[in-house]
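Each chain, letter by letter, is given below.
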Amino acid sequence: MPIDPKFPTNHNVIGVHNHADGQHYHFVWGPGSFSDASEDADVREAYYTRREDLVPVGVHGTMVAVDWDSCIADGSCLQACPVNVFQWYRTENDVPAIGMVNATSGGTGSNVKEERLDATDKSDPIREHECIWCMACVTVCPPKAVKVDQENMHFHIVASDTSITMNT
Ligand code: SF4
């Protein structure tokens, strides 16, 4: 199933994925729900091999959003992006995907399609802030797990203000 185009209104912020530069971060939206990933044989086998539970994990990013429940670790978005927005999350933080709802990454993971660890890996929009809105990633994703919308900056700002309020 494609990413819900209205995910910022149909879901809530469930976490913040910080960039280790101390300046940037992207939100995680949930709750997630079972979708293409849970139906994909390669993904299911990879979870089984790792002895990890395949559970809903939500949407990472707001302006450049990847539905991790739809993402089947194809990697075409990493290959297509001209400005290196994405990385394979597990090549930097090799933990179950649910553990990335609140995490910090330095952006040191691989952005090479062929270098995913296995089919449990996910495309992480760690450099969402560098997107140039070319839409290449949206076009190439087989399950249509990626939504790019510059106007979603509004939701990012509102969520940021709310997070700041909650933390003060
Ligand atoms: S829209 Fe273009 S620049 Fe933005 S993340 Fe996708 S491929 Fe990269």
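As a reminder, the structure under discussion sits directly above these lines.
Residues numbered from 1 in each chain as written. Predicted model: local features only at pLDDT ≥ 70, side-chain atom pairs only at ≥ 80, totals over all residues.

> Looking at this structure, how should I read the nonpolar core?
Generally speaking, a soluble globular protein has its nonpolar side chains buried in company with each other. Val59, Ala65, Val66, Cys71, Cys77 and Val146 are the most contacted members of the largest nonpolar core, which totals 35 residues. When residues of this core are traced back to their parent elements, those giving at least two are strand 2 (25–30), helix 3 (41–50), strand 4 (64–67), helix 4 (76–80) and strand 8 (146–148). For Cys77, the contacting residues outside a window of four places in its chain are Phe86, Ser123, Cys137, Val140, Cys141 and Val146. (Core = buried A, V, L, I, M, F, W, Y, C linked by C-beta atoms within 7 Å. Buried ≥ 20, exposed ≤ 12 C-beta atoms within 10 Å, placed from the backbone. Helix = DSSP H or I, 4+ residues; strand = E, 2+ residues; numbered from the N terminus. Contact = placed C-beta atoms within 7 Å.)

> It is not clear to me how the sheet that holds strand 8 should be interpreted in this structure. Could you clarify?
Adjacent strands of a sheet pair through backbone hydrogen bonds, lying either parallel or antiparallel. With mixed pairing, the six strands of this open sheet are ordered in space as 6-1-2-3-4-8. Two strands close off the open sheet at either side, each with one partner strand: strand 6 (103–105) and strand 8. Pairing geometry for strand 3 (residues 59–60) and strand 4, over two bridges, is antiparallel. Looking at the pairing, Val59 lines up with Asp67 of strand 4. (Pairing = 2+ DSSP bridges.)

> I keep staring at the site of the ligand and nothing clicks. Help me out?
Lining the immediate environment of the ligand, one finds 14 residues, of which Cys81, Val85, Cys131, Cys134 and Cys137 sit closest. In the shell around the ligand, the residues fall into 14 nonpolar, no polar and no charged. (Near = placed C-beta within 6 Å. Nonpolar A, V, L, I, M, F, W, Y, C, P; charged D, E, K, R; others polar.)

> What exactly am I supposed to notice about unusual backbone geometry here?
Most of the time, phi is negative for any residue but glycine, and the peptide bond is trans. With omega at 5°, the peptide bond leading from Gly30 into Pro31 counts as cis. Looking at the element boundaries, Pro31 is found in the loop between strand 2 and helix 2 (36–39). In this structure, Arg51 is a non-glycine residue whose phi angle is positive, near 60°. Structurally, Arg51 can be placed in the loop between helix 3 and strand 3. Under the C-beta neighbour-count criterion, Arg51 is labelled exposed, with 6 such atoms within 10 Å.

> Mind showing me how you'd approach the environment of Gly15 here?
Its location among the elements puts Gly15 in strand 1 (residues 12–19). The partly exposed category is assigned to Gly15, around which 18 C-beta atoms lie within 10 Å. Expressed as a C-alpha distance, the spacing of Gly15 and Ile126, which sit 111 residues apart in the sequence, is 14 Å. Contacts of Gly15, omitting those with residues within four sequence positions, involve Val28, Val101 and Asn102.

> Got a minute to help me understand the pairing of strand 2 in this structure?
Along a regular strand, successive side chains alternate from one face of the sheet to the other. Taken together, the six bridges between strand 1 and strand 2 define a ladder with antiparallel strand orientation. Looking across to strand 2, one finds that Asn12 is bridged to Gly30. Turn length for the strand 1-strand 2 hairpin, with the two strands adjacent in sequence and antiparallel, is five residues, and the turn residue Gly22 shows positive phi of about 80°.

> Explain the pairing of strand 1 to me, please; I cannot follow it from the model alone.
Pairing between strand 1 and strand 6: three bridges, direction parallel. Paired with His17 across the two strands is Ala103, which belongs to strand 6.

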